Amino acid sequence: MDFTHVDGDSHIAVTLFSLSTCGHCRRTKTFLEEKGIAYDYIDVDCLSGGETFTGGVYDLVKSYNPQGSFPTIVIGGEKTGDRW
Amino acid sequence: MITRFDIERKYLEIKQQAEPSGYHLNPDEDFAKELVHGILINEERYGFATCPCRLSVGPREDNIDIICPCDYRDQDIIDYGVCYCALYVSTGVAAGTTPVSCIPDRRPPLGELVSKETDNAKPSVLPEKQGLPFPVYRCRVCGYLCARTSPPRRPVRYAVPHRIGLRSILNKPVHILRHGRRWTFSKLCS
């Protein structure tokens, strides 16, 4: 599972599961960058179908956000799935 | 390679189809064009133009409910003022008079989708929710709407020559619509 790291303030771990095509996901990335927050993200739609499921990425998203929607942001140990 | 020209052309095409039908695109034009870009990427990647904010997995028939405009658009606009990705918005949201709130995804998570046979019987707008005399069904191939007690099961004798918006259907209780040789209907409400 290859996450891309974006540098910034890393006092709390932020992980973003996103879609490369989604405007809300893009704005979430922009927001984090504007706030100078370090985060790791993975564009789930850019994985191969097998990688999405057999690699467990989608299951991981659902473990944090049962709806399996995007963007799903994991802040520290907190589970966050709502949009807007 | 998707160019800026492609995005502009698709945006205008969607807008020209939407507005005469009583739908509005997101007034944030840059945001709307980002979504259109996502739709074009999906079309190029998968061969069908799925919602940019949902994960497409599998063949077209497994994703037909999220081909834009998705099956969930009408009910989401009624309930939340926007569709899930917010490309389409209500009149109030377009005018800036209605605030936008958090919108959950009506589509069940992947792996929990119900059978297509069950889907076909479900209307896109339920009458009791909107005070309508009939449920409204939307053709999932072309987007045509019809209001009747149950979805048509076979092709009928005449077709409506253009897309019908929800507003016009409220004034005409029954429309019988045809799309090629088969009928398909959206599921929105569970």
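Look above for the structure.
Every chain is numbered independently, its residues counted from 1 as its sequence is written. Just so you know, chain letters begin at A and ligand numbers begin at 1, following the order they were written in. Local features in this predicted model are restricted to residues whose pLDDT is 70 or higher, and side-chain atom pairs enter the listing and the counts only when it is 80 or higher, whereas totals over whole chains, interfaces and linings include all residues. Water and hydrogen atoms were dropped before computing side-chain values, which therefore reflect all heavy atoms in the structure.

A. Looking closely at the nonpolar core. By convention a nonpolar core is built from buried Ala, Val, Leu, Ile, Met, Phe, Trp, Tyr and Cys residues, the set being connected through side-chain atoms within 4.5 Å. Only protein chains enter the accessibility calculation, which uses a 1.4 Å probe. A residue is then buried if its area is under 20% of the maximum for its type, exposed if over 50%, and partly exposed in between. Counting residues in hydrophobic clusters, the biggest one holds 48 residues, and the most contacted among them are Phe-17, Val-44 and Phe-70 of chain A together with Leu-87 and Tyr-88 of chain B. Put simply, DSSP marks the helices as runs of H or I at least four residues long and the strands as runs of E at least two long, and each gets a number from the N terminus on. Among the elements of the structure, α3 (57-64) of chain A together with α1 (4-18), α2 (29-46), β2 (88-89) and β4 (145-147) of chain B are those that each provide at least two residues to this core. A total of 6 residues in this core trace back to one element, the largest contributor, which is α2 of chain B. Each domain's extent is set by a domain assignment, obtained either automatically or from a database. A domain-level breakdown of this core finds at least three residues from each of domain 1 (1-113) and domain 2 (114-190) of chain B. With 7 residues, the next largest nonpolar core counts Val-6, Leu-32, Tyr-39 and Tyr-41 of chain A among its residues.

B. Structural context of the interface of chain B and chain A. Throughout, a contact is declared for two residues whenever any of their heavy atoms are within 4.5 Å. On the chain A side, the residues contacting the 28 residues of chain B number 22 residues. With both chains or domains summed, chain B and chain A bury close to 1,900 Å², and 57% of this area falls on carbon and sulfur atoms. Salt-bridge detection follows one rule: a side-chain nitrogen of Lys or Arg within 4 Å of a carboxyl oxygen of Asp or Glu. Taken together, chain B and chain A are joined by 3 salt bridges. A salt bridge links Asp-28 of chain B to Arg-27 of chain A; the shortest N-O distance between them is 3.0 Å. Counting of polar contacts relies on pairs of N or O atoms within 3.5 Å, with two restrictions inside protein: one atom must be capable of donating a hydrogen and the other of accepting it, and residues adjacent in sequence are counted only when both atoms are side-chain atoms. Counting every contact that joins chain B to chain A gives 8 residue pairs in polar contact (both at pLDDT 80 or more). Of the residues belonging to the side of chain B that touches chain A, the class tally is 18 nonpolar, 3 polar and 7 charged. By definition, the buried area sums, over both parts, the 1.4 Å-probe accessible area that each loses when the two are put together. Each residue gets one of three labels, nonpolar for Ala, Val, Leu, Ile, Met, Phe, Trp, Tyr, Cys and Pro, charged for Asp, Glu, Lys and Arg, and polar for the others, Gly among them.

C. Seen up close, the pairing of strand β3 (residues 39-43) of chain A. Residues and elements named next belong to chain A. A large share of β3 lies buried, amounting to 4 of its 5 residues. Two elements, strand β1 (residues 4-6) and β3, share 3 bridges in a ladder whose sense is antiparallel. Note that in β3 the partner of Thr-4 across the bridge is Tyr-41. Viewed along the sheet, the connection from strand β2 (residues 14-18) through helix α1 (residues 23-34) into β3 turns out right-handed. Any two strands between which DSSP finds at least two bridges are classified as paired. Classification remark: right-handed applies to a crossover when, strands pointing away from the viewer, the course from the first strand over the helix to the second runs clockwise.

D. Layout of the pattern of salt bridges. Residue and element names in this part refer to chain B. As enumerated under the stated definition, the model contains 13 salt bridges over all chains in all. A salt bridge links Arg-54 to Asp-105; the nearest nitrogen and oxygen atoms lie 2.8 Å apart. Note that Arg-54 is positioned in the loop between α2 and α3 (60-63) and Asp-105 in the loop between α5 (91-95) and α6 (116-120), a separation of 51 residues in sequence. Just as Arg-54 is buried, Asp-105 falls in that class too. We note a salt bridge from Asp-76 to Arg-106, for which the minimum N-O separation is 2.4 Å. Of this pair, Asp-76 sits in helix α4 (residues 73-80) while Arg-106 is found in the loop between α5 and α6, placing the two residues 30 residues apart along the sequence.

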